[in-house]
Amino acid sequence: SVAVAYLDDLYSRELFETFRAEAATRGVGISADVPFSPDDEDLRPVVTEVRASASSIIVVLADADDGTRLLAELDTLTSFDDAPPSLTQRVEQVV
């Protein structure tokens, strides 16, 4: 299963719904779906909820600025000693 964090705006919500439907058709479960606001100064609660899902795959649906902020917070709060192997691999950002 995958955890999904997405920007809570019209575009990202629609993108998430499309992702959810496609994941379901492929038999991929979503263990957590966590919206976040561009106004959130502290993204630790989002990261905590995503990490609590214990998914080895995290999907981030956001624009470059807010997606980068969330990825940075994931890096900050993730100890690579206990992270799933996929988190230790390089993240490729698609804009």
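Since the model is a prediction, treat every value here as computed from it, not as a measurement.

Asker: Lay out the pairing of strand β2 (residues 30-36) in plain terms, naming residues and giving numbers.
Answerer: In the sheet, strand β1 (residues 2-7) pairs with β2 via six bridges, with the strands oriented parallel. Considered in β2, the bridge of alanine 3 is made with alanine 32. Handedness of the crossover joining β1 and β2 through helix α1 (residues 10-25) is recorded here as right-handed.

Asker: I'd like to hear about the packing of aromatic side chains, residue by residue, with values.
Answerer: Across all of its chains, the model carries one aromatic pair by this definition. An angle of 10° between the planes, with centres 4.6 Å apart, marks the rings of tyrosine 6 and phenylalanine 16 as stacked. Linking tyrosine 6 in strand β1 with phenylalanine 16 in helix α1, this pair joins segments that are 10 residues apart in sequence. For the pair shown, tyrosine 6 and phenylalanine 16 are each scored as buried.

Asker: How would you sum up the side chain of serine 12? Please name residues and give values.
Answerer: Relative to the helices and strands, serine 12 is located in helix α1. Under the relative-accessibility criterion, serine 12 is labelled buried at 3%. Not counting residues up to four positions away in its chain, the partners in contact with serine 12 are Tyr6, Leu7, Leu61 and Ala62.

Asker: Explain the sheet that holds β1 to me, using residue names and the numbers behind them.
Answerer: Taken in spatial order, the three strands of this open sheet run β2-β1-β3, and their pairing is parallel. Looking at the sheet topology across the chains shown, the edges are occupied by β2 and β3 (57-61). Strand-to-strand, the axes of this sheet are offset by a mean angle of 15°, without reference to chain direction. Here helix α2 (residues 44-52) sits on the sheet and contacts β1, β2 and β3; the angle it forms with β2, its principal contact strand, is near 175°. Across the sheet, helix α3 (residues 64-77) lies against β1, β2 and β3, angled at about 150° from β3, the strand it touches most.

Asker: Mind laying out the pattern of salt bridges, listing which residues take part and the relevant values?
Answerer: In this structure the tally under the stated criterion is five salt bridges. With its nearest N and O atoms 2.7 Å apart, the salt bridge here joins arginine 13 to aspartate 8. Residue arginine 13 is classed as partly exposed on the basis of its relative accessible area of 36%. Across the pair arginine 69 and aspartate 66 runs a salt bridge whose closest N-O atoms are separated by 3.2 Å.

Asker: Before we move on, can you summarise the nonpolar core with the specific residues and values?
Answerer: Core analysis: the biggest nonpolar cluster contains 12 residues, these being Ala3, Ala5, Leu7, Ala32, Val34, Phe36, Leu43, Val46, Val47, Val50, Leu70 and Leu74. Going through the elements one at a time, β1, β2, α2 and α3 are the ones with two or more residues in this core. In this structure alanine 32 touches Val2, Ala3, Val4 and Ser53, once residues within four positions along its chain are discounted.

Asker: Let's hear about α2: which residues, and what values?
Answerer: Among the residues of α2, those classed as buried are Val46, Val47 and Val50. Each buried residue of α2 lies within a common arc of 95° when the element is viewed along its axis, so the set occupies one face. Away from the buried face of α2 by more than 90 degrees, exposed residues Pro45 and Ala52 are located. Of the surrounding elements, those touching the buried residues of α2 are β1, β2, β3 and α3.

About the thresholds
- Residues numbered from 1 in each chain as written.
- Predicted model: local features only at pLDDT ≥ 70, side-chain atom pairs only at ≥ 80, totals over all residues.
- Heavy atoms only, no water.
- Pairing = 2+ DSSP bridges.
- Helix = DSSP H or I, 4+ residues; strand = E, 2+ residues; numbered from the N terminus.
- Right-handed = clockwise from strand over helix to strand, strands pointing away.
- Phe/Tyr/Trp six-rings, centres within 6.5 Å; stacked < 30°, edge-to-face > 60°.
- Buried < 20%, exposed > 50% of the residue type's maximum accessible area, 1.4 Å probe, protein only.
- Contact = heavy atoms within 4.5 Å.
- Axes fitted to C-alpha atoms, helices over the stretch in contact; angles between N-to-C directions.
- Salt bridge = Lys/Arg side-chain N within 4 Å of Asp/Glu carboxyl O.
- Core = buried A, V, L, I, M, F, W, Y, C linked by side-chain atoms within 4.5 Å.
- Arc of directions from axis to C-beta.

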